[in-house]
Each structure stands twice: as structure tokens, then as C-alpha cells.
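# Working through the structure, step by step
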Amino acid sequence: MEMRGSQIPFASNKRVTRMRVGEPNGCIRIVSSPICFFVLILLSLFCIGSDAFALGTQGQSSNRLQQTPVENSGQFPLQEANKLKPPIRLISQDQKSAFDGNRSFGYLADICKIGPRPSASKGMAKQKKYIQAHFEAIGGQFFQQEFIAKSPYSGKNVKLHNLLIRWHPERTRRILICCHHDTRPFADADKRNPRAKFIGANDGGSGVALLCELGHHMKSLNGEFGVDFVFFDGEEFVIQRPRDRMFLGSTFFAEQYSRGVPNWRYECAVLVDMVADKDLQLPLEGNSLHFARGLTEEIWDVAREIGVREFVPEEFKFIRDDHLPLNEIAKIPTCDIIDFNFPNPTAGNIYWHTREDKLENCSAESLGKVGAVVLAWLQKKQRTAK
Ligand SMILES: [Zn+2]
């Protein structure tokens, strides 16, 4: 994400087309192979109307879906991926009602151990395996949405992947909870070494860790709404601004959603980003208020109700993040929960995109607080559904 003094209109469709996110024919390459064509026929036979825009999926948990091996792009050597061990976190099957900040932090530690996870890297491939194994073990349906983007290194096309976890797929009214799962290629705001490796514990890791824990509470979430988790790729597949575009995955996702005719709809979405800062402070973000004021106020109200004071009901600056494509292209009212002063407002956002974005500057308590608010808000949505 990045910050501007005012709300900047999102990229035009023309620019989107150039990067092949949103190109009518090039959007999902897998469709062009005969095997995949066959899989698509299968999918349509099984009436997965709800997956109309999640083409190129890879699902194991649903018996209705055949495993669809996505062709190896060359970016992620298969033997390398197969050597990976399953997640080393103990996966609890319990449905404890309270969001567990410590367990969430454990996921964050695992993710940081992988190392940097920029788009189309081995680190990202490992993290993808981790996410898939974790959510399938706790009963979520896993899908991936593949798209093509230009590598900022080589200028060549590479495959990127949004990952989607679906809970209660039969529910047609749905809520989206999302984050980005890529990390910036370099710690480019690091004054001493802007080419240093970037771990992205807070910027990238925290959203994934929060959703890993939140997943434990989804099967028991009774009510009208089904929930989808989406992990966006290419949020910051950037080595040179403004040449390299941001929000590739969320743009692609939003375009596919707005083009498809699913038999369900997202009523709203919540994005979490940079939510593990030890010194947590979450003011209201400007674009969230602009596009989704009701939703944003609802969430900060829930925080007040359950006593999480770090959700400060004061308006902050406008931040450009994955919520823009969701609001502007998909027309899904989307709120961004983000602490964009890492470590704190006094010091400023000086850890952002530097080597200081590491596990030691994050905390279980912060993850626990944000997770508790998101979960309490979801529960309230179910109770008060009209
Ligand atoms: Zn970032």
C-alpha cells in the first residue's frame, strides 16, 4: 500500500489491459489447454455457478471438484515444492470462541521463517503450500485464481495467484475478508540498504497470520452469510515506481467478479494490512470512509463495544491499498483496517518497507485485538442480518 494526501482514482482499464490483468482472452491462461478445457466442462456440469469467476481453481476439500493441477510455470520447481514439510504449527481442530492472538502469532513466526515472499518467488510458493495445507486441514475449500502479469525484473510474463478459501459455500449472501500474501521484493525504504531482503512480518505476513487464526472460527459461524478469505498476489510486485503497478491481484479479482454472473454476491469486504505492529493504532482510513462509511463505522463501533481502544475513531489520511479495486471495480463496499504508522505516530512510519519490518516488532496481542474485532463484527453481522 502507499499513501497519498488525497484519494487518487484507481487505474484506468487501459492500464489494466496492458498488464494483462483484465485482458478478455489472456486473463486465465489455463483455459487454453485441452485438459483445462475438460476441467472447465466438468466444473460447469457440476453446476459450480458460484465459482464462475474463480476459474483456474485448485480444490481438494470439495468432492465436487477434481484436483486441477495448474501447469508448472517454471517459477516454482515442482520437486522443490514437493519437498516442503507440512505446516509446523499444530493445527487445532477446536472451535474455541475467542480469537487466539498467540496462535495467530505462531502462524506469523512460521511465515517469517520461510523468508521473503515476493510474487512469483520460491518463498511465495512455499507460503502457498502452507496456506493450502492449513485451511484444508481445518475444513475450508481452497481455490486459486491464476493470472498473468509482467515481471518487474525481466519484463516477461509470469503467473501470479490469488488464493481463495471458501466457508459455507451454499450461502448466497457472502462477506469477503482479505489481505495480500506477497511481500515487497526489496526493503526499498531502508536508508542503509534499499536492496536488502524484506521479510514483511507486518506488511504481508500479518494479514496471512490473522486469517490463518480466523479460519478456526469460520465453520461454527452460523447465520445468513457465508465467508470467503482471499489472499491477493501482486499487491506490491514493484521494484520501480511509478513504472510498476500495484494491486495486480485485487484488480484481477475485482474484474473477474464484476464480469461474472455468480449466483451469490459479496455484500461487503474487509481488508487487513499491517495489523501486527506492537504499538497498534488504527484510525479510520480515508478511502474506506469515502467508499464504505457505514461498514467502516460498524467495525469501529464493534471495537468500542468489546473494548479494543486501538481502533481510534478519528479519520486518518487516504491510503491506496487492495480495497480500491474492490470498491471501484467490483463495487463491493470495502474497508481497510491498517496501521500505517509502523512503529507509531510519534516516530512515524519508519519501519515500513525496511529491515525493521520483522517479527520482533510485531506482537500476538495486536493480532489478537484486530482478530477479535473482525470476528466479533462477523458474529454481529450474522445476528443482525436483514
Ligand atoms: Zn508494502
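Residues numbered from 1 in each chain as written. Predicted model: local features only at pLDDT ≥ 70, side-chain atom pairs only at ≥ 80, totals over all residues.

### Things to note about the overall build of the chain
- The number of helices and strands found in the chain is 10 helices and 10 strands.
- Expressed as a percentage of the 386 residues in the chain, the buried residues total 51%.
- A sequence separation of at least 24 residues applies to 80% of the contacts in the chain between residues at least 6 apart. (Helix = DSSP H or I, 4+ residues; strand = E, 2+ residues; numbered from the N terminus. Buried ≥ 20, exposed ≤ 12 C-beta atoms within 10 Å, placed from the backbone. Contact = placed C-beta atoms within 7 Å.)

### Notes on the sheet that holds strand β5 (residues 225–232)
- Pairing in this open sheet of six strands is mixed, and the strands run β2-β3-β5-β4-β6-β10 from one edge to the other. With one partner strand each, in any of the chains shown, β2 (141–150) and β10 (334–338) form the two edges of the open sheet. Neighbour-to-neighbour, the strand axes of this sheet turn through a mean angle of 20 degrees, independent of strand direction.
- Bridging between strand β4 (residues 173–180) and β5 involves eight bridges; their strand directions are parallel. Looking at the pairing, I175 lines up with V227 of β5.
- Contacting β2, β3 (157–167) and β5, helix α5 (residues 122–137) runs over the sheet at an angle of about 15 degrees to β3. (Pairing = 2+ DSSP bridges. Axes fitted to C-alpha atoms, helices over the stretch in contact; angles between N-to-C directions.)

### Considerations on the nonpolar core
- If you look at the biggest cluster of nonpolar residues, it comprises 98 residues, and the most contacted ones within it are L108, I177, A209 and V374.
- Sequence-distant contacts of L108, that is, excluding residues within four places in its chain, are made with A201, G205, S206, A209, A276, L359, C362 and L367. (Core = buried A, V, L, I, M, F, W, Y, C linked by C-beta atoms within 7 Å.)

### A word on the confidence of the model for the chain
- Residues of the chain with pLDDT of at least 70 account for 75%, and the chain-wide mean is 81.
- Ignoring residues within four places in sequence, the model shows residues 22–34, a span with pLDDT below 50, making 26 contacts including any to other chains. (pLDDT = per-residue confidence, 0-100.)

### Comments concerning helix α8 (residues 286–305)
- In this model, α8 (20 residues) spans only 22 Å end to end at C-alpha, well below the 28 Å of a helix rising 1.5 Å per residue.
- The largest bend in α8 comes to about 120 degrees, at A292.
- The complete set of buried residues in α8 reads N287, S288, F291, A292, L295, T296, I299, W300, V302 and A303.
- One or two residues past the end of α8 sits G307, with phi positive at roughly 80 degrees. (Expected span 1.5 Å × (residues − 1). Bend = angle between axes of the 7 residues up to and from the residue.)

### What about α5?
- Taking 1.5 Å of rise per residue, 16 residues should cover 22 Å, and α5 covers 23 Å from first to last C-alpha, within 8% of that figure.
- The complete set of buried residues in α5 reads M124, A125, K126, Q127, K128, Y130, I131, Q132, H134 and F135.
- Within two residues after α5, G139 carries a phi angle of roughly 95 degrees, on the positive side.

### Side note on unusual backbone geometry
- The omega torsion across R241 and P242 is 0 degrees, close enough to zero to call that bond cis.
- Secondary-structure assignment places P242 in the loop between β5 and α7 (248–259).
- With an omega of 20 degrees, the peptide bond between F342 and P343 qualifies as cis.
- A positive phi angle is found at H168, which is not glycine, with a value near 50 degrees.
- With a phi angle near 55 degrees, M274 is a residue other than glycine that sits in the positive phi range.
- If you trace the backbone, M274 turns up in the loop between β6 (265–273) and β7 (282–284).

### Section: the pairing of β5
- A large share of β5 lies buried, amounting to eight of its eight residues.
- With burial as the criterion, each face of β5 is covered, one bearing F225, V227, F229 and F231 and the other bearing G226, D228, V230 and F232.
- Of the pairings in the sheet, the one linking β3 to β5 comprises five bridges and is antiparallel in character. When the sheet's bridge partners are listed, R166 is paired in β5 with D228.
- Traced from β4 through helix α6 (residues 201–214) to β5, the parallel crossover comes out right-handed. (Right-handed = clockwise from strand over helix to strand, strands pointing away.)

### Here's the deal with the pairing of β10
- Counting buried positions along β10 gives five out of five residues, so the element sits mostly inside the fold.
- Burial along β10 is two-sided: the face carrying T334, D336 and I338 and the face carrying C335 and I337 are both buried.
- As paired elements, β6 and β10 share five bridges and run parallel to each other. Across the sheet, A269 pairs through a bridge with T334, a residue of β10.

### Here's the deal with the packing of α8 against helix α10 (residues 364–383)
- Where α8 contacts α10, the axes come no closer than 9 Å and their chain directions differ by 110 degrees. Taken together, the axes of α8 and α10 are roughly perpendicular relative to one another. The crossing of α8 and α10 is right-handed. Between α8 and α10, the residues in contact are E298, I299, V302 and A303 and V373, A376, W377 and K380, respectively.
- Among the residues making up the contact of α8 with α10, the classes are represented as six nonpolar, no polar and two charged. (Parallel < 35°, antiparallel > 145°, perpendicular 65-115°, else oblique. Left-handed = near helix turned anticlockwise from the far one by under 90°. Nonpolar A, V, L, I, M, F, W, Y, C, P; charged D, E, K, R; others polar.)

### Quick notes on the packing of helix α4 (residues 101–114) against α6
- Where α4 meets α6, the axes come as close as 8 Å, and the angle between the chain directions of the two elements is 130 degrees. The angle between α4 and α6 falls in the class oblique. Viewed along their axes, α4 and α6 form a crossing whose handedness is right-handed. Contacts between α4 and α6 involve R103, S104, F105, Y107, L108, I111 and C112 from the former and A201, G205, S206, V208, A209, L210, C212 and E213 from the latter.
- In terms of residue class, the contact of α4 with α6 is built from 10 nonpolar, three polar and two charged.

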